[in-house]
Amino acid sequence: MYRIVDKSYFSPNVLRLEIEAPLIAKARKAGHFVIVRVDERGERIPLTIAGADVQRGTITLVVQKMGVSSTKLCNLNVGDEVTDVVGPLGKATHIERFGTVVCACGGVGTAPMLPIAEALKQAGNRVITVLAARTKDLVILEEQMRQFSDEVVVMTDDGSYGQKGLVTAGVESVIQREKVDFCVTIGPAIMMKFVSLLTKKYEVPTIASLNTIMVDGTGMCGACRVTVGGQTKFVCVDGPEFDAHQVDFDEMMMRLGAYRAEEQEAKEHLLEQK
Ligand code: NAD
Ligand code: FES
């Protein structure tokens, strides 16, 4: 069992959980993720590790209330325990001194970007973060991202904070202004698709961190299958990060929606129980 030692809210539907997991805290690197099971019958939720405190033996996860399992996780309080936290899983982010790197983050995708921006900064890169959200209240981790960025460009879809526009508008303005050597993008699949199309146009090498459905997290079940450069890859063992220009995002989005009807039904069932 893994105890929750701290809980705070970024917005009513997005929160930060600090969970006791000393071995994972020690072993994790930027880009790694864990699979969490709230209880014996819970779904397996893949969550990128947003941070770790080796002294406290804890990892930090940022969770968005979406389906039944993530809602159950978000409803837990300090002192409560989750049944399983498995990890660190996946391949760590490949970090090197690229030069100028744009970190294009959308919404909750800002959380997994935080340790990557930190590692890129430590490796001597000039880090420009484009931090996008639908509206001001959904902008998360701005202060923390500023610590590891030379510049933060905030974009909101409705213009309620920072500049008005999608993440792609922010990324394009940076690329048009200066030479960008590398881009990392994390956010909803549709966003990563359009960031990828944009950086392809400007020939900026780009990696995307993919958030597919996962079951076992060990390459056995095939739930996380994606097509990259015409080849089948498993996000849990070959990723989660891939060359964005090679990812078939349309297929990924189709597979992400495969259980939408069942998810909706389960959500309605959960609401009826309340
Ligand atoms: P959101 O829908 O609020 O979008 C965040 C930002 O993405 C927007 O503000 C906009 O700037 C950009 N965006 C959206 N659609 C775009 C488009 N068509 N073109 C260009 N830019 C676009 O995001 P959210 O609600 O915070 O995130 C929800 C989704 O993100 C979930 O599906 C979740 O699974 C996923 N997610 C992914 C990761 C990952 O590792 N890739 C991590 C956390 C969450
Ligand atoms: Fe089963 Fe990746 S989650 S193969």
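Residues numbered from 1 in each chain as written. Chains lettered and ligands numbered in written order. Predicted model: local features only at pLDDT ≥ 70, side-chain atom pairs only at ≥ 80, totals over all residues. Heavy atoms only, no water.

A.B. asks: Could you give an account of the nonpolar core, with specific residues and numbers?
C.D. replies: The biggest cluster of nonpolar side chains holds 29 residues, and the ones touching the most others in it are Met113, Ile116, Leu120, Met145 and Val184. Those elements that place two or more of their residues in this core are β9 (100-106), α3 (110-122), β10 (126-133), β11 (151-156) and β13 (182-186). Counting residues per element, this core draws most heavily on α3, at seven residues. What valine 184 contacts, discounting residues up to four positions off in sequence, is Val101, Val102, Cys103, Ala104, Met113, Ile116, Leu120 and Ile207. Of all hydrophobic cores here, the second largest spans 21 residues; its members include Val34, Ile45, Leu47 and Val63. (Core = buried A, V, L, I, M, F, W, Y, C linked by side-chain atoms within 4.5 Å. Buried < 20%, exposed > 50% of the residue type's maximum accessible area, 1.4 Å probe, protein only. Helix = DSSP H or I, 4+ residues; strand = E, 2+ residues; numbered from the N terminus. Contact = heavy atoms within 4.5 Å.)

A.B. asks: Kindly report on the site of ligand 1, identifying the contributing residues and their values.
C.D. replies: Lining the immediate environment of ligand 1, one finds 23 residues, of which Val108, Arg134, Asp157, Ser209 and Asn211 sit closest. At 2.6 Å, a side-chain N or O of arginine 134 approaches an oxygen atom of ligand 1. Between ligand 1 and glycine 187 there is a distance of 3.2 Å, counted from a nitrogen atom to a backbone nitrogen or oxygen. Contact with the protein chains removes 80% of the 860 Å² of surface that ligand 1 exposes when unbound. Elements that contribute at least two residues to the shell around ligand 1 include exactly β10, α5 (167-177) and α6 (189-201). Ranked by the residues each element gives to the shell around ligand 1, the list is headed by α6, at four residues. A class-by-class count of the residues in the shell around ligand 1 yields 13 nonpolar, eight polar and two charged. (Near = heavy atom within 4 Å. Polar contact = N/O pair within 3.5 Å; in protein donor to acceptor, adjacent residues only side chain to side chain. Areas by Shrake-Rupley, 256 points an atom, 1.4 Å probe, with all protein chains shown as cover. Nonpolar A, V, L, I, M, F, W, Y, C, P; charged D, E, K, R; others polar.)

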